[in-house]
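Now for the letters of each chain:
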There are 2 protein chains.
Amino acid sequence: MNTKEKIMHIALDLFSVRGFSAVSVHEIAKEVGIKAPSLYKHYKSKQDIFEAILLQMQKGYQQEAQGFALSGVDPNVDAKQYIMMSEVDLLQLGKQLFLYFLKDEFVVKVRKMITLEQFHNKDLADFYSLQYFHAPIEYQATLFQTMMDSKIFRQEDPKVMALHFYAPLFLLLTLCDRNSDQEQDAFELLEAHIKQFSRLYKN
Amino acid sequence: MNTKEKIMHIALDLFSVRGFSAVSVHEIAKEVGIKAPSLYKHYKSKQDIFEAILLQMQKGYQQEAQGFALSGVDPNVDAKQYIMMSEVDLLQLGKQLFLYFLKDEFVVKVRKMITLEQFHNKDLADFYSLQYFHAPIEYQATLFQTMMDSKIFRQEDPKVMALHFYAPLFLLLTLCDRNSDQEQDAFELLEAHIKQFSRLYKN
DNA sequence: GTCTATAAGAAGATAGAC
DNA sequence: GTCTATCTTCTTATAGAC
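None of the values given here were measured: they were computed from a predicted structure. (Residues numbered from 1 in each chain as written. Chains lettered and ligands numbered in written order. Predicted model: local features only at pLDDT ≥ 70, side-chain atom pairs only at ≥ 80, totals over all residues. Heavy atoms only, no water.)

Participant: Explain the relation of the copies chain B and chain A here, please?
Facilitator: In summary, the two copies of the chain are related to each other by a rotation about an axis coupled with a shift along it. Expressed as a screw transformation, the operator carrying chain B onto chain A has a rotation angle of 180° and an axial translation of 0.0 Å, and the superposed copies differ by an RMSD of 0.0 Å. Here the transformation between the copies is reduced to the relation of a two-fold axis. (Least-squares fit on C-alpha atoms with pLDDT ≥ 70 in both.)

Participant: Sorry, what's going on with empty space enclosed by the protein here?
Facilitator: Rolled over the atoms, a probe sized like a water molecule indicates the empty space that remains. Under the definition given, this model contains 5 cavities of 30 Å³ or more. Looking at the largest cavity, its volume works out to about 160 Å³. The wall of the largest cavity is formed by 16 residues, among which A:Thr115, A:Gln118, A:Tyr128, B:Thr115 and B:Tyr128 lie closest to the centre. Mapped by element, the contributors of at least two residues to the lining of the largest cavity are α9 (158-178) of chain A together with α9 (158-178) of chain B. In the lining of the largest cavity, the residues fall into 6 nonpolar, 6 polar and 4 charged. Of the voids in this model, the second largest cavity is the one considered here, and its volume is about 100 Å³. Forming the boundary of the second largest cavity are 15 residues, of which A:Arg18, A:Gly19, A:Ser21, B:Gly19 and B:Ser21 lie nearest the centre. For the lining of the second largest cavity, the secondary-structure elements that each account for two or more residues are α7 (105-117) of chain A together with α7 (105-117) of chain B. (1 Å grid on protein atoms, 1.4 Å probe; cavity = no way out; pocket = protein on both sides within 12 Å on 5 of 7 lines; lining within 4 Å. Points joined across faces, edges and corners; volume = space filled by probe spheres on them. Helix = DSSP H or I, 4+ residues; strand = E, 2+ residues; numbered from the N terminus. Nonpolar A, V, L, I, M, F, W, Y, C, P; charged D, E, K, R; others polar.)

Participant: Teacher, can you tell me more about the protein's contact with DNA strand C here?
Facilitator: In the vicinity of DNA strand C, 14 residues are found, and the nearest of them are A:Val25, B:Lys35, B:Ser38, B:Lys41 and B:His42. What you see for DNA strand C is that sugar and phosphate hold 63% of its atoms within 4 Å of the protein. For DNA strand C, a phosphate oxygen lies 3.0 Å from a polar atom in the backbone of A:Lys46. For DNA strand C, a phosphate oxygen lies 2.6 Å from a polar atom in the side chain of B:His42. The residue inventory of the surface near DNA strand C, partitioned by class, reads 6 nonpolar, 5 polar and 3 charged. (Near = heavy atom within 4 Å. Polar contact = N/O pair within 3.5 Å; in protein donor to acceptor, adjacent residues only side chain to side chain.)

Participant: Looking at this structure, how should I read the protein's contact with DNA strand D?
Facilitator: Residues in close proximity to DNA strand D total 14 residues, the closest being A:Lys35, A:Ser38, A:Lys41, A:His42 and B:Tyr40. Separating a phosphate oxygen of DNA strand D from a side-chain N or O atom of A:His42 is a distance of 2.7 Å. B:Lys46 places a main-chain nitrogen or oxygen 3.0 Å from a phosphate oxygen of DNA strand D. Across the surface near DNA strand D, the residue classes break down as 6 nonpolar, 5 polar and 3 charged.

Participant: What exactly am I supposed to notice about the packing of helix α8 (residues 122-149) of chain A against α9(A) here?
Facilitator: When two helices pack together, their arrangement is given by the angle between their axes and by how far apart the axes lie. Residue and element names in this part refer to chain A. It is at 8 Å that the axes of α8 and α9 come closest, and there the two elements cross at 135°. In terms of their interaxial angle, α8 and α9 are classed as oblique. Here α8 runs over α9; the crossing is right-handed. Mapping the contact onto sequence places Tyr128, Tyr132, Phe133, Pro136, Ile137, Glu138, Gln140, Ala141, Phe144, Gln145 and Met148 in α8 and Pro158, Lys159, Met161, Ala162, Leu163, Phe165, Tyr166, Phe170, Leu173 and Thr174 in α9. Of the residues contributing to the contact of α8 with α9, the split by class is 16 nonpolar, 3 polar and 2 charged. (Axes fitted to C-alpha atoms, helices over the stretch in contact; angles between N-to-C directions. Parallel < 35°, antiparallel > 145°, perpendicular 65-115°, else oblique. Left-handed = near helix turned anticlockwise from the far one by under 90°. Contact = heavy atoms within 4.5 Å.)

Participant: Explain the interface of chain B and chain A here, please?
Facilitator: The accessible area lost on association of the parts is a frequent measure of interface size. The interface is formed by 48 residues belonging to chain B together with 48 residues belonging to chain A. Across the chain B/chain A interface, buried area totals approximately 4200 Å², and carbon plus sulfur atoms make up 65% of it. When the area that chain B buries against chain A is broken down by residue, the three leading residues are B:Phe119, B:Leu171 and B:Arg178, summing to 19%. In this structure, the connection of chain B to chain A is made through 2 salt bridges. A salt bridge links B:Glu156 to A:Arg199, with the shortest nitrogen-to-oxygen separation between them at 2.7 Å. The interface formed by chain B and chain A contains 23 residue pairs in polar contact (both at pLDDT 80 or more). (Buried area = accessible area lost by both parts, 1.4 Å probe. Salt bridge = Lys/Arg side-chain N within 4 Å of Asp/Glu carboxyl O.)

Participant: Can you help me understand helix α1 (residues 3-18) of chain A in this one?
Facilitator: Along its 16 residues, α1(A) runs 22 Å from first to last C-alpha, staying within 8% of the 22 Å computed at 1.5 Å per residue. A side-chain oxygen of the first residue of α1(A) lies 3.2 Å from the backbone nitrogen of A:Lys4; this N-cap is A:Asn2. (Expected span 1.5 Å × (residues − 1).)

Participant: It is not clear to me how the environment of A:Leu97 should be interpreted in this structure. Could you clarify?
Facilitator: If you trace the backbone, A:Leu97 turns up in helix α6 (residues 87-103). Sequence spacing of A:Leu97 and A:Gln145 is 48 residues, and the spatial spacing of their C-alpha atoms is 19 Å.

Participant: Before we go on, may I ask you to explain the packing of aromatic side chains in this structure?
Facilitator: In this description, a pair of aromatic rings is defined by centroid distance and the angle of the planes. Within the structure shown, the criterion is met by 27 aromatic pairs over all chains. Centroid distance A:Phe197 to A:Tyr201: 4.8 Å. Interplanar angle 45°. Geometry classified as tilted. Here A:Tyr201 and A:Phe197 lie together in helix α10 (residues 183-201), a separation of 4 residues that amounts to about one turn. Judged by centre distance (5.5 Å) and plane angle (75°), the ring pair of B:Phe20 and B:Phe50 falls under edge-to-face. Here B:Phe50 lies in helix α4 (residues 46-67) and B:Phe20 lies in the loop between α1 (3-18) and α2 (25-32), a separation of 30 residues in the sequence. Judged by relative accessible area, B:Phe50 falls into the buried class, the value being 6%. Through successive ring pairs, a cluster of aromatic residues spans A:Phe144, A:Phe153, A:Phe165, A:Phe197 and A:Tyr201. Sitting over the ring of B:Tyr43, B:Lys4 keeps its end group 5.2 Å from the ring centre. (Phe/Tyr/Trp six-rings, centres within 6.5 Å; stacked < 30°, edge-to-face > 60°. Buried < 20%, exposed > 50% of the residue type's maximum accessible area, 1.4 Å probe, protein only. Lys NZ or Arg CZ within 6 Å of the ring centre and 35° of its normal.)

And the structure:
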């Protein structure tokens with residue numbers, strides 16, 4: 001990893017725990033192993049590092065989504081693959097989604113960082129809401145709609161069904177972000193959630 | 001309101017949007033209408049203001065819980081009142097809980113402030129997790145257990161049932177914290193959630 | 001309880017040598 | 001691309017007059 005990348009990752013480490021304004025350029029440089037002024041040969045300002053992290057995440061997310069069980073691009077295509085979905089498959093899907101959000105270090109740190117900056121400006125608020133509310137809900141609603149059409153699940157509002165599936169995932173995820181020592185409990189509760197969810201919606 | 005209280009409320013206004021470290025003592029004092037050094041006659045440090053806010057919230061929460069539909073103290077007592085609970089009552093309960101978390105200005109601002117400081121230290125992380133995860137889940141699990149015993153709801157894991165009831169509330173709450181313009185949508189989705197929840201769990 | 005003056009240091013960022 | 005030296009501004013906090 002070159003110095004520019006090293007700066008970005010160490011800045012992210014610090015921003016994601018203490019927040020942008022509580023971290024000094026001096027501190028980032030020290031962790032990298034250079035002096036603060038050297039850092040300005042790579043980034044024109046502290047804010048520039050922050051923006052580089054966001055850009056990197058948008059790039060990385062596009063790539064990850066491709067290789068993912070759910071492409072995240074066209075839920076209608078995905079849904080056709082899951083029309084015959086059993087309870088086990090749904091469990092698999094939920095776990096996979098949860099583990100991606102929880103175990104991809106870069107994703108975790110960027111989420112934490114944005115969590116700490118979400119009220120600063122509208123762009124970041126909108127970005128967070130899109131990434132962790134609207135996009136997953138819309139996506140899963142389309143998925144469940146298709147599965148309802150094929151009589152796997154009872155006829156209910158697919159958007160609310162998506163909310164019922166996703167909201168516990170999100171709550172447990174944010175719990176783990178704060179208290180990583182509770183990951184095991186969270187994971188067990190996640191399993192219990194999806195199994196009970198399947199029973200409730202099963203036709 | 002005296003100057004000491006004024007300082008606390010204005011500090012909270014600023015901390016809850018920009019975070020503790022991004023707000024200067026000078027700025028707080030300016031908004032209050034005094035000079036920065038005068039502020040130190042009321043609080044011994046900036047950190048001291050932060051801690052005063054947390055203390056004030058703990059006081060206020062104890063009082064609010066008393067007058068609340070759910071006492072928040074003994075769920076077994078509460079549950080007996082709700083044994084005959086209908087779908088409409090559950091809707092009422094959910095809305096009330098949601099509106100308390102969303103419309104009590106002090107509660108909203110303190111939640112936002114702690115959201116921005118939650119990764120700084122373990123005490124704040126634990127406080128957030130207790131307030132917005134463990135306490136509500138435990139409380140509602142006990143409530144639902146009693147309601148299952150009296151055959152109102154189908155026999156399922158009461159803790160997971162509590163998760164199913166509460167997680168969408170939390171997700172919509174944090175959405176409103178970021179995007180207050182989406183409150184109306186959130187509220188409608190909340191209603192749809194509780195109605196569908198009732199249908200799913202109804203015996 | 002407010003003010004002005006000021007300390008003492010840390011902040012982000014630039015200039016210019018190597 | 002790294003360094004030292006430096007600029008300028010801002011930071012928290014104190015001293016002491018009124």
